[in-house]
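Each chain, written out:
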Amino acid sequence: MSTNAELTFLMNAMANGDKKAFAAFYKAMERPVFKFIVSKLNDPFEANDILHEVFMDVWRSAGKFEGRSAVKTWVFGIAYRKTMDHFRKHGRVTVTDDMPELEDDSPDAVACLNATQEAAHLRFCMDELKVEHRSAIELAFFEDMSYGEIAHVADTPEGTIKTRIFHAKKLLLRCLSGRMKEATT
């Protein structure tokens, strides 16, 4: 992904109507933002619709970006709010048991099976978390955001984010421990 300075440069160009800058910005941010949205919804079609809305907001609001946060944080904040709006409008999406198969180049079949089972356990446990807890964990560990950045994205005090992550980690540990014990018996 591009650096904050590069993304800021593109934002400034977009504020002046530069469509090529928007295309470059979209290319840099599309995949991580889509991944973030689809991880909440478990529906790639709905996630695409929200992704489109996010980038339309970015295009329309580029001139309003004040630089009080990293560009990535600002964009993820828009994506987070759009996703939460979707939940408010449509209620919680039903989660299915379908898990995408994980590709592993390892020739060891046992290692592949174990990795797939662990990923399934983690996905199950992540899906059991409240949306706010899951979002905080994903932003912290998958998007490598600081507590302050996550607080900005979620428009929530930093202390609340720390508490959410603390509780989410405890819940994940309990869930994973229980699932691992079940798997071995």
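Asker: How should the packing of helix α1 (residues 4-15) against helix α4 (residues 71-90) be read in this particular structure?
Answerer: The angle between the axes and the distance between the axes are what describe a pair of packed helices. With their axes 8 Å apart at the nearest point, α1 and α4 run at an angle of 65° to one another. When the interaxial angle is binned, α1 and α4 end up roughly perpendicular. Note on element contacts: α4 touches α1 through V71, K72 and W74, opposite N4, L7, T8 and M11. Residue composition of the contact of α1 with α4, grouped by class: four nonpolar, two polar and one charged.

Asker: Before we go on, may I ask you to explain the state of the cysteines in this structure?
Answerer: The bond known as a disulfide is covalent and runs between the sulfur atoms of two cysteines. Scanning all chains against the criterion turns up one disulfide. Across the disulfide, C125 is cross-linked to C175 (sulfur-sulfur distance 2.1 Å). Residues C125 and C175 share a disulfide whose torsion about the S-S bond is about -80°; that sign makes it left-handed. Remark: C175 occurs in helix α8 (residues 158-184) and C125 occurs in helix α5 (residues 109-128); sequence separation between them is 50 residues. Like C175, C125 is buried.

Asker: It is not clear to me how unusual backbone geometry should be interpreted in this structure. Could you clarify?
Answerer: Glycine aside, a negative phi is what most residues show, and trans is what most peptide bonds show. One non-glycine residue with positive phi stands out, namely D144, at about 55°. Accessibility expressed as a relative area gives 67% for D144, which makes it exposed.

Asker: Would you mind showing me how to read the pattern of salt bridges here?
Answerer: A side chain of one charge can pair with a side chain of the opposite charge if their charged atoms are brought near each other. Under the criterion given, the structure shown has eight salt bridges. The residue K82 makes a salt bridge to D57 at a minimum N-O spacing of 2.9 Å. You can see K82 sitting in helix α4 and its partner D57 sitting in helix α3 (residues 44-61), a full 25 residues away along the chain. Between R123 and E138 there is a salt bridge; the shortest N-O distance is 4.0 Å. Pair noted here: R123 is in helix α5 and E138 is in helix α6 (residues 131-142), with a separation of 15 residues, a long-range link. The class of R123 is partly exposed, set by a relative accessible area of 23%.

Asker: So what exactly am I meant to see when it comes to the packing of aromatic side chains here?
Answerer: For any pair of aromatic rings, the description rests on two quantities: the centre-to-centre distance and the angle between the ring planes. For the structure on display, the rule yields seven aromatic pairs. Their ring planes at 50° and their centres at 6.3 Å tell us that F22 and Y26 sit as a pair that is tilted. On the criterion of helical spacing, the pair formed by F22 and Y26 is a turn pair, its members being four residues apart in helix α2 (residues 19-41). A relative accessible area of 29% places Y26 in the partly exposed class. Here F22 and F55 contribute two aromatic rings whose centre-to-centre distance is 6.5 Å and whose plane-to-plane angle is 75°, an arrangement assigned as edge-to-face. A residue pair is termed long-range when its members are at least 10 positions apart, and F22 in helix α2 and F55 in helix α3 qualify at 33 residues. Connected via pairs of aromatic rings, a cluster forms that spans F22, F25, Y26, F55 and W59.

Each value, and the rule that gives it
Residues numbered from 1 in each chain as written. Predicted model: local features only at pLDDT ≥ 70, side-chain atom pairs only at ≥ 80, totals over all residues. Heavy atoms only, no water. Axes fitted to C-alpha atoms, helices over the stretch in contact; angles between N-to-C directions. Helix = DSSP H or I, 4+ residues; strand = E, 2+ residues; numbered from the N terminus. Parallel < 35°, antiparallel > 145°, perpendicular 65-115°, else oblique. Contact = heavy atoms within 4.5 Å. Nonpolar A, V, L, I, M, F, W, Y, C, P; charged D, E, K, R; others polar. Disulfide = S-S within 2.5 Å. Buried < 20%, exposed > 50% of the residue type's maximum accessible area, 1.4 Å probe, protein only. Salt bridge = Lys/Arg side-chain N within 4 Å of Asp/Glu carboxyl O. Phe/Tyr/Trp six-rings, centres within 6.5 Å; stacked < 30°, edge-to-face > 60°.

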